[in-house]
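Analysis of the macromolecular model
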Amino acid sequence: MQQLSKQPAFELGQIVATPGALASLRKSGQQPGEFLTRHVNREWGDFSDEDRKENDSSLEHGFRLLSVYRTRAGDKLWIITESDRSVTTLLLPEEY
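Description of the structure in this document.

About the criteria used
Residues numbered from 1 in each chain as written. Predicted model: local features only at pLDDT ≥ 70, side-chain atom pairs only at ≥ 80, totals over all residues. Heavy atoms only, no water. Salt bridge = Lys/Arg side-chain N within 4 Å of Asp/Glu carboxyl O. Buried < 20%, exposed > 50% of the residue type's maximum accessible area, 1.4 Å probe, protein only. Helix = DSSP H or I, 4+ residues; strand = E, 2+ residues; numbered from the N terminus. Polar contact = N/O pair within 3.5 Å; in protein donor to acceptor, adjacent residues only side chain to side chain. Contact = heavy atoms within 4.5 Å. Core = buried A, V, L, I, M, F, W, Y, C linked by side-chain atoms within 4.5 Å. 1 Å grid on protein atoms, 1.4 Å probe; cavity = no way out; pocket = protein on both sides within 12 Å on 5 of 7 lines; lining within 4 Å. Points joined across faces, edges and corners; volume = space filled by probe spheres on them. Nonpolar A, V, L, I, M, F, W, Y, C, P; charged D, E, K, R; others polar.

Examining the pattern of salt bridges
Within the structure shown, the criterion is met by 4 salt bridges. Note that Arg38 is salt-bridged to Glu43, the shortest N-O span being 3.9 Å. You can call Arg38 partly exposed: its relative accessible area is 30%. Asp56 is paired through a salt bridge with Arg42; the nearest N and O atoms lie 3.2 Å apart. Linking Asp56 in helix 3 (residues 49–61) with Arg42 in the loop between helix 2 (32–40) and helix 3, this pair joins segments that are 14 residues apart in sequence.

Next up, the structure:
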């Protein structure tokens, strides 16, 4: 039986990362794809239920999307996809 792959919930557009995010990923030994996969599959990360609902609404209405994750090293990593889905950025909160 052929296994079906999960369809992404939205387009990521061009993927970019800040120097801080890249350093954080190197420190943790993790790859960007690990977090991008969760983001595009609506696994929003370290959010309250209210914030998750807000992201789901933003997806439905074409607004900007934000996911928040922790790396294995404990750093907080943000992923933001712009409302027009042209760019997705990996960054640290202090780089916003």
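A few points about the side chain of His39
Positionally, His39 belongs in helix 2. At 2.6 Å, the side chain of His39 and the side chain of Ser67 are in polar contact. In contact with His39, not counting residues within four places along its chain, are Phe10, Leu12, Trp44, Leu65, Leu66, Ser67, Tyr69, Ile79, Thr81 and Thr88.

Some points on the nonpolar core
Residues Phe10, Phe35, Leu77, Ile79 and Leu90 are the most contacted members of the largest nonpolar core, which totals 20 residues. For this core, the secondary structure elements donating two or more residues are helix 1 (19–28), helix 2, strand 2 (65–70), strand 3 (76–81) and strand 4 (87–91). If you tally residues by element for this core, the top one is strand 3, at 4 residues. Those residues in contact with Phe35 that lie beyond four places of it in its chain are Leu25, Gln30, Tyr69, Arg70, Thr71, Leu77 and Ile79.

Details of the side chain of Asn41
Its location among the elements puts Asn41 in the loop between helix 2 and helix 3. With sequence-adjacent residues up to four places away left out, Asn41 is seen in contact with Lys6, Gln7 and Pro8.

Comments concerning the layout of surface pockets
Where empty space is left becomes clear once a probe the size of a water molecule has been rolled over the atoms. In this structure, the largest pocket encloses a volume near 160 Å³. Along the walls of the largest pocket sit Phe47, Asp51, Glu54, Asn55, Ser58, Arg64, Leu65, Leu66, Trp78, Ile80 and Tyr96, which together make up its complete lining. When contributions to the lining of the largest pocket are tallied by element, the ones reaching two or more residues are helix 3, strand 2 and strand 3. Examining the composition of the lining of the largest pocket, we find that 4 residues originate from one element, helix 3, more than from any other. A class-by-class count of the residues in the lining of the largest pocket yields 6 nonpolar, 2 polar and 3 charged.

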